[in-house]
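# Breakdown of the fold
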Amino acid sequence: MKINVSSELKSAGRTSGRHFEEEWGPVDLGGHKLVFTMPLSIDISYVFDGEGFNTKGVLNSELLMNCTKCNSEFKQPFSVEFSERFIKATEEEAEELECYAYSGEELDLDRPVLDLIVLNAPIYGLCRLDCKGLCPECGCDLNITKCGCSAKPVNEKLAPLTELARMLKDEEEV
Ligand SMILES: [Zn+2]
Ligand SMILES: [Zn+2]
């Protein structure tokens, strides 16, 4: 994603805008993969102030997530607003000033967009607010099925009484 700014460089103070639709591959976040289900949609406005470019805009897309509780896949909208400054400098100089570097007559958005994703994308999420999760015993998805496991602890509590009843019955029989 590159913006040609040759005309803006000659007319400081004039705001321009662009819209991008960009396919974006999976982003690896230390072992966790962020997967987009649709292209990134980016609206950006930019203005040259004589020394650098001030940009602002919004990025929209949708992420494929795995529910933290039941592990099922679900889609979650991803939207983030941004404002970044580009200066004519080396990458290192720009980084020190918390800006992005540009050279020639082009703003390259790939790096800032990747940073926005890495810093803002959610890693954890629930398929729905009241997700019941998986049964800790049999592993079935409690949103879909009902297993008998949840009744077990109740039975275990009653177990001593059942035993007592059996012993009393045995005594009677003797
Ligand atoms: Zn879930
Ligand atoms: Zn179960």
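What you see is a predicted model, and the numbers here were worked out from it, not measured in a lab.

We now examine unusual backbone geometry. Although it is not a glycine, Asn 71 sits at a positive phi angle of roughly 70 degrees. The backbone of Glu 98 shows a phi angle near 55 degrees, a positive value even though the residue is not glycine. When you line up the elements, Glu 98 lands in the loop between helix H2 (91–96) and strand S8 (100–102). A count of 8 C-beta atoms within 10 Å places Glu 98 in the exposed class.

With that settled, the discussion passes to the pairing of strand S6 (residues 52–66). Bridge count for strand S4 (residues 32–36) against S6 is two bridges, and the pairing is antiparallel. Across the sheet, the residue bridging to Phe 36 is Leu 63, located in S6. Across eight bridges, the pairing between strand S5 (residues 40–48) and S6 is antiparallel. If you follow Asp 43 over to S6, its bridge partner there is Val 58.

A word on the confidence of the model for the chain. Looking at the chain as a whole, the pLDDT averages 90, with 87% of positions reaching at least 70. Mean pLDDT per element in the chain: helix H4 (residues 152–173) is the minimum at 61, and S5 is the maximum at 98.

When helix H3 (residues 110–120) is considered as a whole, its buried residues turn out to be Val 113, Leu 116 and Ile 117. On an axial view of H3, the arc spanned by its buried residues comes to 95 degrees, and they lie on one face. Away from the buried face of H3 by more than 90 degrees, exposed residues Leu 114 and Leu 119 are located. For H3, the secondary structure elements touched by its buried residues are strand S3 (27–29), S4, S5, S6 and strand S7 (73–88).

When a strand is regular, its side chains alternate between the sheet's two faces. Inspection of the sheet shows S6 paired to S7 by 15 bridges, in the antiparallel sense. Bridged to Leu 64 within S7 is Lys 75. Linkage of S6 to S7, two consecutive antiparallel strands, is achieved through a turn of six residues, within which Asn 71 is found at a positive phi near 70 degrees. In the sheet, S7 pairs with S8 via three bridges, with the strands oriented parallel. From the neighbouring strand, Phe 86 faces S8, where its bridge partner is Tyr 100.

The biggest cluster of nonpolar side chains holds 20 residues, and the ones touching the most others in it are Phe 53, Leu 107 and Val 113. At the level of elements, S5, S6, S7, S8 and H3 are the ones that each hand at least two residues to this core. Filtering out sequence-adjacent residues up to four positions away, Leu 107 remains in contact with Lys 2, Ile 3, Val 5, Tyr 46, Phe 53, Phe 86 and Tyr 102.

Rules used throughout
Residues numbered from 1 in each chain as written. Chains lettered and ligands numbered in written order. Predicted model: local features only at pLDDT ≥ 70, side-chain atom pairs only at ≥ 80, totals over all residues. Helix = DSSP H or I, 4+ residues; strand = E, 2+ residues; numbered from the N terminus. Buried ≥ 20, exposed ≤ 12 C-beta atoms within 10 Å, placed from the backbone. Pairing = 2+ DSSP bridges. pLDDT = per-residue confidence, 0-100. Arc of directions from axis to C-beta. Contact = placed C-beta atoms within 7 Å. Core = buried A, V, L, I, M, F, W, Y, C linked by C-beta atoms within 7 Å.

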